[in-house]
Amino acid sequence: MAAKPPAGDPVQDAPEVAAPQHAAAGLPAIGHTLRIAQQQMGVRRTALTLLKVNQKNGFDCPGCAWPEGDKRHKAEFCENGAKAVAEEATLRRVTPDFFAAHPVADLATRSGYWLGQQGRLTQPMYLPEGAASYEPVTWERAFDIIAGELTALASPDEAVFYTSGRTSNEAAFLYQLFAREFGTNNLPDCSNMCHESSGSALTETLGVGKGSVLLDDLHQADLIIVAGQNPGTNHPRMLSALERAKAGGAKIISINPLPEAGLERFKNPQTPRGLVGGGTALTDLFLQIRLGGDQALFRALNRLILEAAETTPGAGAVDEEFIREHTHGFEEFAAAARAADWDETLRATGLERAEIDRALAMVLASKRTIVCWAMGLTQHKHSVPTIREVVNFLLLRGNVGRPGAGVCPVRGHSNVQGDRTMGIFERPAPAFLDALEQEFGFAPPREHGFDVVRAIRALRDGQAKVFFAMGGNFVSASPDTEVTEAAMRRARLTVHVSTKLNRSHVVTGARALILPTLGRTERDLQGGGEQFITVEDSMGMVHASRGSLTPASPGLLSEPAIVARLARRVLGAESRTPWEEFEKDYGTIRDRIAAVIPGFDDFNARVARPGGFALPHAPRDSRSFPTATGKANFTAAPVEYPRVPEGRLLLQTLRSHDQYNTTIYGLDDRYRGIKNGRRVVLVHPDDARELGLADGSYTDLVSEWTDGSERRAPGFRVVHYPTARGCAASYYPETNVLVPLDSTADTSNTPASKSVVVRLEQAHPA
Ligand SMILES: Nc1nc2c(c(=O)[nH]1)N[C@H]1C(S)=C(S)[C@@H](COP(=O)(O)OP(=O)(O)OC[C@H]3O[C@@H](n4cnc5c(=O)[nH]c(N)nc54)[C@H](O)[C@@H]3O)O[C@H]1N2
Ligand SMILES: Nc1nc2c(c(=O)[nH]1)N[C@H]1C(S)=C(S)[C@@H](COP(=O)(O)OP(=O)(O)OC[C@H]3O[C@@H](n4cnc5c(=O)[nH]c(N)nc54)[C@H](O)[C@@H]3O)O[C@H]1N2
Ligand SMILES: [Mo]
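Residues numbered from 1 in each chain as written. Chains lettered and ligands numbered in written order. Predicted model: local features only at pLDDT ≥ 70, side-chain atom pairs only at ≥ 80, totals over all residues. Heavy atoms only, no water.

Engineer: Got a sec to walk through the sheet that holds strand E17 (residues 493-498)? Specific residues and values, please.
Structural biologist: Within the open sheet, the 6 strands sit side by side as E6-E5-E18-E17-E16-E7. Their pairing is mixed. The open sheet has two edge strands, strand E6 (135-136) and strand E7 (159-163), and neither has a second partner. Where strand E5 (residues 125-127) meets strand E18 (residues 511-516), 3 bridges bridge the pair, whose relative direction is antiparallel. Bridge pairing in E18 links Leu-127 to Ala-512. Against the sheet, helix H26 (residues 559-571) engages strand E16 (466-470), E17 and E18, with an angle of about 150 degrees to E16. (Pairing = 2+ DSSP bridges. Helix = DSSP H or I, 4+ residues; strand = E, 2+ residues; numbered from the N terminus. Contact = heavy atoms within 4.5 Å. Axes fitted to C-alpha atoms, helices over the stretch in contact; angles between N-to-C directions.)

Engineer: Can you tell me about the pattern of salt bridges, naming the residues and giving the values?
Structural biologist: Counted under the stated rule, the structure contains 53 salt bridges. Among the salt bridges present, the one from Asp-189 reaches Arg-420, with a minimum N-O distance of 3.1 Å. Placement of the pair is Asp-189 in the loop between helix H7 (169-182) and helix H8 (196-206) and Arg-420 in helix H21 (residues 416-421), with a sequence separation of 231 residues. We classify Arg-420 as partly exposed; its relative accessible area is 22%. In this structure, Arg-759 engages Glu-761 in a salt bridge whose closest nitrogen and oxygen atoms are separated by 2.7 Å. On the basis of relative accessibility, which here comes to 15%, the residue Arg-759 falls in the buried class. One network of salt bridges, in which partners are shared, links Arg-648, Asp-700, Glu-704, Glu-710, Arg-712, Arg-759 and Glu-761. (Salt bridge = Lys/Arg side-chain N within 4 Å of Asp/Glu carboxyl O. Buried < 20%, exposed > 50% of the residue type's maximum accessible area, 1.4 Å probe, protein only.)

Engineer: Could you give an account of the site of ligand 1, with specific residues and numbers?
Structural biologist: Inspection of the region around ligand 1 gives 31 residues, with Asn-256, Glu-260, Asp-294, Gln-659 and Asn-661 positioned closest. Within the backbone of Asn-230, a nitrogen or oxygen atom sits 2.8 Å from an oxygen atom of ligand 1. A distance of 3.2 Å separates a nitrogen atom of ligand 1 from a polar backbone atom of Thr-233. For ligand 1, whose accessible area on its own is 920 Å², the fraction buried by protein is 99%. When residues of the shell around ligand 1 are traced back to their parent elements, those giving at least two are helix H10 (231-234), helix H19 (375-378), strand E25 (649-654) and strand E26 (659-660). (Near = heavy atom within 4 Å. Polar contact = N/O pair within 3.5 Å; in protein donor to acceptor, adjacent residues only side chain to side chain. Areas by Shrake-Rupley, 256 points an atom, 1.4 Å probe, with all protein chains shown as cover.)

Engineer: Give me the site of ligand 2: which residues, what numbers.
Structural biologist: As a matter of local geometry, ligand 2 sits amid 30 residues, with Tyr-162, Ser-164, Ala-477, Glu-559 and Thr-662 nearest to it. With respect to ligand 2, the backbone of Lys-500 contributes an N or O atom lying 2.8 Å from an oxygen atom. Relative to its unbound accessible area of 920 Å², ligand 2 is 96% covered by the protein chains. Classifying every residue of the shell around ligand 2 gives 9 nonpolar, 16 polar and 5 charged. (Nonpolar A, V, L, I, M, F, W, Y, C, P; charged D, E, K, R; others polar.)

Engineer: Describe in detail unusual backbone geometry, supporting the description with residues and values.
Structural biologist: Residue Pro-733 is reached from Tyr-732 by a cis peptide bond, and omega for that bond is 5 degrees. Counting through the fold element by element, Pro-733 comes out in the loop between strand E32 (727-731) and strand E33 (756-761). Not every positive phi belongs to a glycine, and Asp-602 is a case in point at roughly 60 degrees. For Asp-602, the location among the structural elements is in the loop between helix H28 (586-596) and helix H29 (603-608). In this structure, Asn-661 takes a positive phi of about 50 degrees despite not being glycine. Relative to the assigned elements, Asn-661 resides in the loop between E26 and strand E27 (663-664).

Engineer: Provide a residue-level description of the pairing of strand E14 (residues 369-373), including the pertinent values.
Structural biologist: Most of E14 is tucked away: 5 of the 5 residues are buried. Side chains of E14 alternate between two faces, with Thr-369, Val-371 and Trp-373 and Ile-370 and Cys-372 buried alike. In this sheet, E14 lies alongside strand E8 (residues 223-227) in parallel orientation, the contact comprising 5 bridges. Bridging across to E14, Ile-225 finds its partner in Val-371. In the sheet, E14 pairs with strand E15 (residues 406-409) via 4 bridges, with the strands oriented parallel. Its bridge partner lying in E15, Trp-373 is registered against Pro-409.

Engineer: Before we move on, could you go through the nonpolar core and cite the residues and values that matter?
Structural biologist: Residues Ile-146, Leu-150, Phe-161, Phe-178, Phe-468, Leu-513 and Leu-515 are the most contacted members of the largest nonpolar core, which totals 63 residues. Among the nonpolar cores identified, the runner-up in size contains 51 residues, and Ile-305, Ile-323, Ile-356 and Val-384 belong to it. (Core = buried A, V, L, I, M, F, W, Y, C linked by side-chain atoms within 4.5 Å.)

Engineer: Lay out helix H25 (residues 481-489) with the relevant residues and their values.
Structural biologist: Of the positions making up H25, those classed as buried are Thr-481, Thr-484, Glu-485, Ala-487 and Met-488. For H25, the arc enclosing every buried residue in end-on projection is 160 degrees, short of the 170-degree limit, so these residues lie on one face. Against helix H23 (452-460), E16, helix H24 (474-477) and E17 lie the buried residues of H25. (Arc of directions from axis to C-beta.)

Engineer: Residue-level account of the environment of Asn-399, with values.
Structural biologist: Tracing the sequence through the fold places Asn-399 in the loop between helix H20 (383-396) and E15. You can call Asn-399 buried: its relative accessible area is 3%. Through-space distance from the C-alpha of Asn-399 to that of Arg-368 is 6.3 Å; in sequence the pair is 31 residues apart. When near neighbours in sequence (up to four residues on either side) are disregarded, Asn-399 contacts Lys-367, Arg-368, Thr-369, Leu-394, Ala-405 and Gly-406.

Engineer: Summarise the pairing of E7; cite the residues concerned and give the values.
Structural biologist: Within E7, 5 of the 5 residues are buried, which leaves it mostly tucked inside the rest of the structure. Side-chain alternation along E7 places Ala-159, Phe-161 and Thr-163 on one buried face and Val-160 and Tyr-162 on a second face that is also buried. With 5 bridges connecting them, E7 and E16 associate as parallel partners. In the strand pairing of E16, Thr-163 is matched with Met-470.

Structural data, given as structure tokens:
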């Protein structure tokens, strides 16, 4: 029973709508966890597997990148982590017979949900040019095919090597090493679509593109601002940290166009009060901001803080000593902040002055402030200046580099931060390349490579011909689905190292390969014995992860083994890198990581300690800032916010409670009151009335881009919902078709998935 996927395509999208909820987790979360887990794994495997999640001797949850505390619960996972585990540890299998029964043309008509529900991939599969179906292929032959295409390229820069953020440190390090020995920096990754804006803004202002707080800082904070993030769904374990902070007296401000249930109230399933009582109210002040209004809001707060310092000097509204000793650019910033315009602020944010004054009072009362954020801040045209304004806000009161304070970009994929640390980056720092050259004795390419958006353009224009993906689901995760799919179809060869079937396997180049791999939950046995891998969480903690389940199929190879064998086959005798040794014993990879990457000295010894170790972070550890000026930089960008023409709405594309990015677990979004369907658009009742959109009616979403082009996603059920005025929300990836490829954030080039100008067009029956 458990191992059987649904027979037909189950996506009968027929949304049913109830009132949104006002609290997250509690008993229902446990019920949902067990139901989904048992459907995929059966009862025994569910119990065995879930007890290993995030334990010191277990595996790192393949869900989000939220850190584990030092004291762990017996069940250190959440409902959505359990769903992620169940997806991977499922007993369902995709065999060669499955591919024989389903030609690619058939698979291309299936939903992403259906494809994912078929189970784990079991064997390498090959789609020859012009063939209708994938056929089984040996690993040897698969590597021959890839090597043939790669060595036939006119330049190594005609190949693209994508990474999704689940890849281990060991696999990521080998993968970038292989790409660079082959001769290219074309290493786009999911980060380009995710926290790239955070990385860009933080590197420039603080000198380190990562968060500056540890878990204990959250517990010690006086004020935590959560902006553009929905932790109840996407980082549920963060709610425990917020609950603990509240118990210590912290206040919480949430800034969001949507009233997200998880931020309103948390019923901690680990405590009796959370199971049967009312739980803990989390948010003290909810600022229901318009999409893209955050830069204006933080600019206004900065103006008010400066004014408070002037009207009551000596009261410590700004941290003068910190500003003097550790920062650069204050005067220019202060002039820009003092000039903040109230009319513009209120227009951009949709807030009232009194609400901003209430926030100010809480800010001034706090000695230790943390700002947490995720995609609501990173996926706009002006995301980089927005995050820089958040940094200005924290610098003003000295809230960087002291306990209980700092920047906290909350990462998505469980090892997306580690992958970047390992060198998965299309614009590597010269110092990193120097270290690589020194250690491995080859000259790495110095020219910058393609990020995600540039890779799509290169494929579209025929400049890139081979696309290789280490995990992920590139065609569904990327913007402008039609453009991206057409670009992919132009490739000579597309290769995906994957655990599960997805749309990227059926929208292929002339030839295609699927290389099935081990997941986090599985035992990894190599020549040198049982191996473990390492990951880095959102707070820069590095620790080991060990799978314990028998692999889904004997036909799988681990990611490090795949890269090592491919490298040997492609690079041949020319490479002096000991690929074979790396494959046998991952400890030898860690020794090389220690030699190349700062902060990893004694890597093997330190990662053997339960709980792992923290990477150094200069601003956090010593208030030193490795920026161009040697100080923390204030910046003074003009305030921007999206302008929406009459009769249009600004659409954000976000996650439901039942999905992991492009992996759909189910068709419900419980906290938002939506069941049994994903094609919904949430619209404020007053906007809906003005636009003549009855609740329950159906509409097409038509995006309008500045070059006059239009994109359409048909058939969405209108849901009257308490979002901010002028704003709408729909799920990703169904709406990626609406996001123009050229609509990206300045500097970071991240697709602006949270600000799409749309017209809602209803079919009027004749
Ligand atoms: N279960 C589960 N966990 C996940 C994922 C998943 O898909 N499922 N994905 C993982 C990944 S890769 C990532 S990056 C994270 C994503 O984590 P989130 O960033 O929480 O994910 P989104 O669903 O995109 O939600 C964006 C939130 O920001 C708000 N928002 C949108 N625009 C704005 C804005 O302009 N201003 C403000 N202030 N708020 C705004 C939205 O209303 C929403 O609450 O989660 C990770 N964890
Ligand atoms: N419109 C819109 N688009 C977005 C976003 C948005 O908010 N709105 N968010 C963006 C963000 S934040 C991100 S991070 C990207 C996500 O982009 P990706 O990371 O590319 O996409 P995922 O859906 O996480 O990838 C899922 C696939 O990964 C494979 N997989 C799972 N586990 C493993 C493993 O252990 N090893 C290997 N090799 N493969 C594995 C499975 O085959 C699965 O089908 O999407 C981006 N796209
Ligand atoms: Mo992400």
